[in-house]
Amino acid sequence: MEIKFDLSYEFVIPISYGSSEVIETGKWGFQKPETAFMAAPCQEACPAGNTIPQFLYWASEGRYEEALETLLKENPFPGVCGRVCFHPCENDCHRGQYDEAISINAMERYVFDVTSDHHPDIHPISNADSNQVAVVGSGPAGLSTAYFLRLLGHRVTLFEARKELGGVMRWGIPEYRLPKSILKKEIKRIVQLSIGVKTGVRVGKDISFEELDRFDAVFLSPGAGLSLSLGIEGEDLKKVWRGGDFLDRMNSGEKIRLGKEIIVIGGSNTAMDVARSALRLGSMVTVAYRRTRAEMPAIQDEIHEAEEEGVRFEFLIQPVKINLLKNKRIRVKFQRMRLRGLDKSNRPKAIPVKGDYLTLEADGLIKAVGEGVDLSWIPETLSQNSLIDVSSSLATSHPKMFAGGDAIDQPRTIVTAIASGKKAAISIDLYLRGCTYDDIFSKIRVGNKGALSMEAYLQGRNGGNWSEPKDMISYPQINTLYFEHSKRIEMRKLERNKALKGFSEVNLGLTSDEAKSSSSRCFSCGTCNYCYNCYFFCPEGVISLDPFHQTKTVDLNHCKGCGTCAKVCPRYVVLMKELS
Ligand SMILES: Cc1cc2nc3c(=O)[nH]c(=O)nc-3n(C[C@H](O)[C@H](O)[C@H](O)COP(=O)(O)OP(=O)(O)OC[C@H]3O[C@@H](n4cnc5c(N)ncnc54)[C@H](O)[C@@H]3O)c2cc1C
Ligand code: SF4
Ligand code: SF4
């Protein structure tokens, strides 16, 4: 028999408003939802372990001060990194597999810029066993170590050979990429944590290395400040500059006249900064590099911007001789090269093409072929292969000495220098408390690429209970059906003609609307962002959310364990756990 409904009548579903509250229907279930955050691939790829989904969530809500404080827990330089970091986080962003990666780097910069007058709530913990630690060198590695050691309650004295703090960020990177005003703000925030600063003090000259012995622990971060030589005839001519010296003098405000045509040798960040600065000083610039564009060690953005600004590139050539001509120009003889096999560092080896040469003439040459570490003031026992030798915890062979940044064997970037500063601060804290390292590092790791969480360290250190590191979320675990396709938002740039007229910052950042849209594109992989899906879809109405205080509760007495919340969570934060 077919049942027919008379639809002309109002259709009524009987609901009891009282019974479910009284009857604990939750006891019927055999599984319960659990909210467990996971680590996102962007966080894992950021050497500093920035809590990216969380800061982007705050930014998407317009809560920029919270976003800044989230960043500062893991990295004291959001304003610097938001400008000059090579942003490996973006390469691994899950959104990149869906359409285009989130502009994490631009967002980091925006958060810093928009909160520059805010005094963040970042304070040292009270530490009854506070010790005296010396930090040598005030680049990103030394300043980060000092910052994190202060947060851990230790007393820090920072020794810097130069008159101003900042290392390469101060004397190397030009104003058009990293304005000094931004760097000053970041350094001021760090030093205000009561760090004792001794500028103009070169350890090994103004004070002896042995004098460091009066400290309970020492961190060495002298960087790699020695310009390497080409080892060719004519290298010492007046028209031949060292890249580091040129940038140093220019960044110190000296007026430099280079001439009409300049050749820059090298493919590093230094080479790109030299080339782009020379363009701004009115020269036509040719960069000569012995491998191809693909092997250039400079940050991709910089190579691209140099090309856009009009730097010319000659690949697969290497200088062999420089002559001074009667008209005061120079002639550079280059050997043509080709790539074959791999060298010790697994990069394609450049080998000469026999008998094949090229000659270029110019008004000057700037060599930027790499930097070495000045180890002359450091005991020989602490070094190996022209670097300071450290273990995985960044300890040297001297019991109370640690080292990091460009002076050790690690990639030479600002964010890796910051990461080494954080790791060293934790190692020093563990050493001073007589604890072992590796056990703790495995508990505070962010993913599997070496990043550490200072927040996790502080939680474990102060509370005594170390939580297990978060699992990584994979792309298939994101329910992309909930997201619309949208374009990645790039920073606006100064027009080429205006950019080349001076040293004004080239990248102009995001507008407030762009920042809002940019942060809202984030999937928030593995981190609850209060999208309310679970709240709306829960048939029992047992979920309560408070985005302001970042809390979520499930009334387990009335949750039947149907699993709807887990199914509708776009970001794999809610998982169903079987009840025993
Ligand atoms: C021109 C240039 C551009 C770059 N651009 C980028 C970029 O865009 N993005 C990026 O990620 N990386 C970039 N890098 C790399 C990055 O700057 C370095 O990896 C980073 O600065 C290393 O930090 P650090 O703290 O180890 O050393 P440094 O920044 O070199 O700082 C070392 C400090 O120690 C001081 N010092 C040395 N010896 C002594 C001593 N005996 N006593 C007291 N003080 C001492 C020095 O004066 C210096 O201030 C660039 C590098 C160069 C050279
Ligand atoms: S510091 Fe660099 S890698 Fe880390 S989030 Fe910022 S841009 Fe990405
Ligand atoms: S979508 Fe957001 S959380 Fe996910 S990887 Fe990209 S930036 Fe990180």
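Report on the accompanying structure. (Residues numbered from 1 in each chain as written. Chains lettered and ligands numbered in written order. Predicted model: local features only at pLDDT ≥ 70, side-chain atom pairs only at ≥ 80, totals over all residues. Heavy atoms only, no water.)

## Thoughts on the sheet that holds strand β10 (residues 312-315)
One open sheet accounts for five strands, arranged β7-β14-β8-β9-β10; its pairing is parallel. If you trace the sheet from one side to the other, it starts and ends with β7 (240-242) and β10, each paired once. Adjacent strand axes in the sheet meet at a mean angle of 25 degrees, parallel and antiparallel pairs treated alike. Both strand β8 (residues 261-265) and strand β14 (residues 364-367) contribute to a ladder of four bridges, which runs parallel. Within β14, the position partnered with I262 by the bridge is G364. Set on the sheet, helix α12 (residues 243-251) makes contact with β7 and β14; between it and β7 the angle comes to about 75 degrees. Relative to strand β9 (residues 284-289), helix α13 (residues 269-280) is tilted by about 165 degrees, and along the sheet it contacts β8, β9, β10 and β14. (Pairing = 2+ DSSP bridges. Helix = DSSP H or I, 4+ residues; strand = E, 2+ residues; numbered from the N terminus. Axes fitted to C-alpha atoms, helices over the stretch in contact; angles between N-to-C directions. Contact = heavy atoms within 4.5 Å.)

## Some details on α13
Given a rise of 1.5 Å per residue, 12 residues ought to cover 16 Å, and the 17 Å separating the end C-alpha atoms of α13 matches this to within 8%. With 11 of its 12 residues buried, α13 lies for the most part within the structure. Turning to α13, its buried residues are T270, A271, M272, D273, V274, A275, R276, S277, A278, L279 and R280. G282 sits one or two residues past α13 and shows a positive phi near 100 degrees. (Expected span 1.5 Å × (residues − 1). Buried < 20%, exposed > 50% of the residue type's maximum accessible area, 1.4 Å probe, protein only.)

## Some words on the site of ligand 3
Neighbouring residues of ligand 3: 14 residues in total, closest C42, C93, H94, C522 and C525. Only α2 (41-45) and α3 (52-60) provide two or more residues apiece to the shell around ligand 3. Partitioning the shell around ligand 3 into residue classes produces 11 nonpolar, two polar and one charged. (Near = heavy atom within 4 Å. Nonpolar A, V, L, I, M, F, W, Y, C, P; charged D, E, K, R; others polar.)

## Things to note about unusual backbone geometry
Negative phi is the rule for most residues except glycine; trans is the rule for most peptide bonds. In this model, K328 sits at a positive phi of 70 degrees, which is unusual for a non-glycine residue. Position of K328 relative to the elements: it lies in the loop between β11 (317-324) and β12 (330-342). Even without glycine at this site, N385 takes up a positive phi of about 50 degrees. In this fold, N385 is placed in the loop between β16 (383-384) and β17 (387-388). Note on N385: relative accessible area 68%, which makes it exposed.

## Considering the environment of Y110
Of note, Y110 is situated in helix α8 (residues 104-114). Sequence separation between Y110 and A515 is 405 residues, and the spatial gap between their C-alpha atoms is 7.1 Å. If near-sequence neighbours (up to four positions away) are discounted, Y110 is found in contact with Y64, L510, T511, S512 and A515.

## Brief notes about the sheet that holds strand β13 (residues 348-362)
Strand order in the open sheet formed by three strands is β11-β12-β13, and the pairing between neighbours is antiparallel. Two strands close off the open sheet at either side, each with one partner strand: β11 and β13. Strand after strand, the sheet turns through a mean of 15 degrees between neighbouring axes, direction not considered. Both β12 and β13 contribute to a ladder of 10 bridges, which runs antiparallel. Bridging across to β13, Q335 finds its partner in Y357.

## Focus on the nonpolar core
By size, the foremost hydrophobic cluster in this structure holds 123 residues, and its most contacted members are F55, F209, L212 and L220. In terms of residue count, helix α15 (residues 414-432) provides more of this core than any other element does, nine residues in total. L212 has contacts with A134, V136, F159, V203, I207, V218, L220 and M401, leaving out every residue within four places of it along the chain. In this structure, W241, I256, V264 and L500 belong to the second largest nonpolar core, which totals 26 residues. (Core = buried A, V, L, I, M, F, W, Y, C linked by side-chain atoms within 4.5 Å.)

## Focus: the packing of aromatic side chains
Summed over the entire model, instances satisfying the criterion amount to 16 aromatic pairs. Linked through ring pairs, Y57, W58 and Y530 together constitute an aromatic cluster. When the ring centre of F548 is taken as reference, the NZ or CZ atom of R63 above it lies at 4.4 Å. When the ring centre of Y357 is taken as reference, the NZ or CZ atom of K333 above it lies at 4.3 Å. (Phe/Tyr/Trp six-rings, centres within 6.5 Å; stacked < 30°, edge-to-face > 60°. Lys NZ or Arg CZ within 6 Å of the ring centre and 35° of its normal.)

## What about helix α17 (residues 454-463)?
Listed as buried for α17 are M454, Y457, L458, G460 and R461. The N-cap of α17, judged by a side-chain oxygen 3.4 Å from the amide nitrogen of E455 a few residues on, is S453. Directly after α17, the chain includes G464, whose backbone phi takes a positive value near 85 degrees. (Polar contact = N/O pair within 3.5 Å; in protein donor to acceptor, adjacent residues only side chain to side chain.)

## Some details on the side chain of R177
With respect to the helices and strands, the residue R177 is situated in the loop between α10 (168-171) and α11 (180-191). Residue class for R177 comes out buried when judged on its relative accessible area of 12%. Here E302 takes part through its side chain, which lies 3.2 Å from a polar atom of the side chain of R177.

## Quick look at the site of ligand 2
Looking at ligand 2, there are 13 residues lining it, with C46, C85, C89, N105 and E108 nearest. Where the shell around ligand 2 is concerned, the elements lending two or more residues are α6 (88-91) and α8. Of all the elements, α8 adds the most residues to the shell around ligand 2, at three residues. For the shell around ligand 2, a count of residues per class yields eight nonpolar, four polar and one charged.

## Some details on the pattern of salt bridges
Throughout the structure, instances matching the rule amount to 40 salt bridges. D113 is paired through a salt bridge with R109; the nearest N and O atoms lie 3.3 Å apart. Of the two residues, D113 and R109 both sit in helix α8, four residues apart, roughly one turn of that helix. For the salt bridge of E490 with R488, the shortest nitrogen-to-oxygen distance reads 2.7 Å. Take E490: its relative accessible area is 48%, and that puts it in the partly exposed class. The network of salt bridges with common partners includes R177, D273, R276, R280, E302, E305, E309 and K493. (Salt bridge = Lys/Arg side-chain N within 4 Å of Asp/Glu carboxyl O.)

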